[in-house]
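Spelled out, the chains give:
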Amino acid sequence: MSVKAVIFDIDGTLLDSVDLHARAWVAAFRHFGVETEEAAVRAQIGKGGDQLMPVFLPEERVAREGETIEAYRSDLFKRDYLSQVRPSPGVRALFERIRGDGRRLALASSGKKDEVAHYQEILGIGDLVDVATSADDAERSKPHPDIFAAVIEKLRPLGVREMIAVGDTPYDAEAAAKVRLATIGVLCGGFPEADLSAAGCTAIYRDPQDLLDGYDASPLRR
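On a predicted model such as this, the values are computed, not experimentally measured, just so you know.

It is worth spelling out the environment of Tyr205 at this point. The residue Tyr205 is located in strand β8 (residues 203–205) in this model. Remark: the alpha-carbon pair of Tyr205 and Ile184, spanning 21 residues in sequence, is separated by 7.8 Å. Aside from chain neighbours lying at most four places away, what touches Tyr205 is Ile184, Gly185, Val186, Leu187, Asp210, Leu211, Gly214, Ala217, Ser218 and Pro219.

The following block contains the structure:
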């Protein structure tokens with residue numbers, strides 16, 4: 001079937017924000033007495049806090065303090081890092097091209113609803129997006145499939161074979177595969193091409209601009 005809807009991850013895919021999120025997590029963990037390496041935390045960005053924290057904290061501490069730590073990290077990110085977030089190259093132009101082809105556009109994010117709205121403002125794409133998800137739409141974050149399942153439901157009556165996802169992490173591809181959704185990978189989030197391929201990405205591009213430049217030969221046109 002031809003592609004009739006394109007589902008985008010936000011952080012690392014549309015926004016140059018991965019390093020900033022990693023630094024915020026390191027600072028938040030330190031505030032609660034946990035020392036972590038930025039590189040180790042960065043490798044987990046793409047997961048939501050519910051899946052990231054257990055990598056660095058005992059299960060019982062996540063159960064006891066997880067919500068408090070996540071709330072602190074969220075406030076810290078908004079205060080100290082959000083103003084530094086910039087769009088990845090080519091986002092608005094790529095979205096215009098996709099919409100010009102009559103396809104629908106969706107955002108698959110497990111961020112808070114106000115964060116997702118603010119990101120659309122930073123990207124200048126609010127007028128082009130048909131549907132978006134937030135933490136309110138899923139119990140578990142990637143690599144669990146809840147976010148993609150919520151997007152698929154919002155895009156009905158289109159079928160999953162008429163949709164394709166675009167993401168920057170193996171967690172995006174793994175989550176999408178669990179609901180039989182194909183994924184295009186982008187390298188602008190910093191994950192190695194080999195990791196994205198191993199996770200199941202059907203094609204890999206440098207960033208949204210590179211996907212736009214190769215649009216006619218990409219899975220978006222098949």
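Continuing now.
Turning our attention to the pairing of strand β7 (residues 182–186). The side chains of a regular strand alternate between both faces of the sheet. With four of its five residues buried, β7 lies for the most part within the structure. Two elements, strand β6 (residues 163–167) and β7, share four bridges in a ladder whose sense is parallel. Opposite Gly167, over in β7, you have Gly185 as the bridge partner. With respect to chirality, the unit in which β6 leads through helix α8 (residues 170–177) into the neighbouring parallel β7 is right-handed. Between the parallel elements β7 and β8, the chain passes through helix α9 (residues 193–199) in a crossover that is right-handed.

Following the sequence through the fold, Gly167 ends up in strand β6. Once you skip the residues sitting within four places of it in the chain, Gly167 turns out to touch Asp9, Thr13, Asp172, Thr183, Ile184, Gly185 and Val186.

With that out of the way, let us pick up the packing of helix α1 (residues 18–31) against helix α4 (residues 59–81). Interhelical geometry of α1 versus α4 gives an angle of 130° and a closest axis separation of 9 Å. If you check the angle between α1 and α4, you find them oblique. For the element pair α1 and α4, the recorded crossing hand is right-handed. Packed against α1, whose contacting residues are Leu20, His21, Arg23, Ala24, Trp25, Ala27, Ala28, Phe29 and His31, the element α4 presents Ile69, Glu70, Tyr72, Arg73, Leu76, Phe77 and Tyr81 at the interface. By residue class, the composition of the contact of α1 with α4 is 11 nonpolar, two polar and three charged.

Parameters at a glance
Residues numbered from 1 in each chain as written. Predicted model: local features only at pLDDT ≥ 70, side-chain atom pairs only at ≥ 80, totals over all residues. Heavy atoms only, no water. Helix = DSSP H or I, 4+ residues; strand = E, 2+ residues; numbered from the N terminus. Contact = heavy atoms within 4.5 Å. Buried < 20%, exposed > 50% of the residue type's maximum accessible area, 1.4 Å probe, protein only. Pairing = 2+ DSSP bridges. Right-handed = clockwise from strand over helix to strand, strands pointing away. Axes fitted to C-alpha atoms, helices over the stretch in contact; angles between N-to-C directions. Parallel < 35°, antiparallel > 145°, perpendicular 65-115°, else oblique. Left-handed = near helix turned anticlockwise from the far one by under 90°. Nonpolar A, V, L, I, M, F, W, Y, C, P; charged D, E, K, R; others polar.

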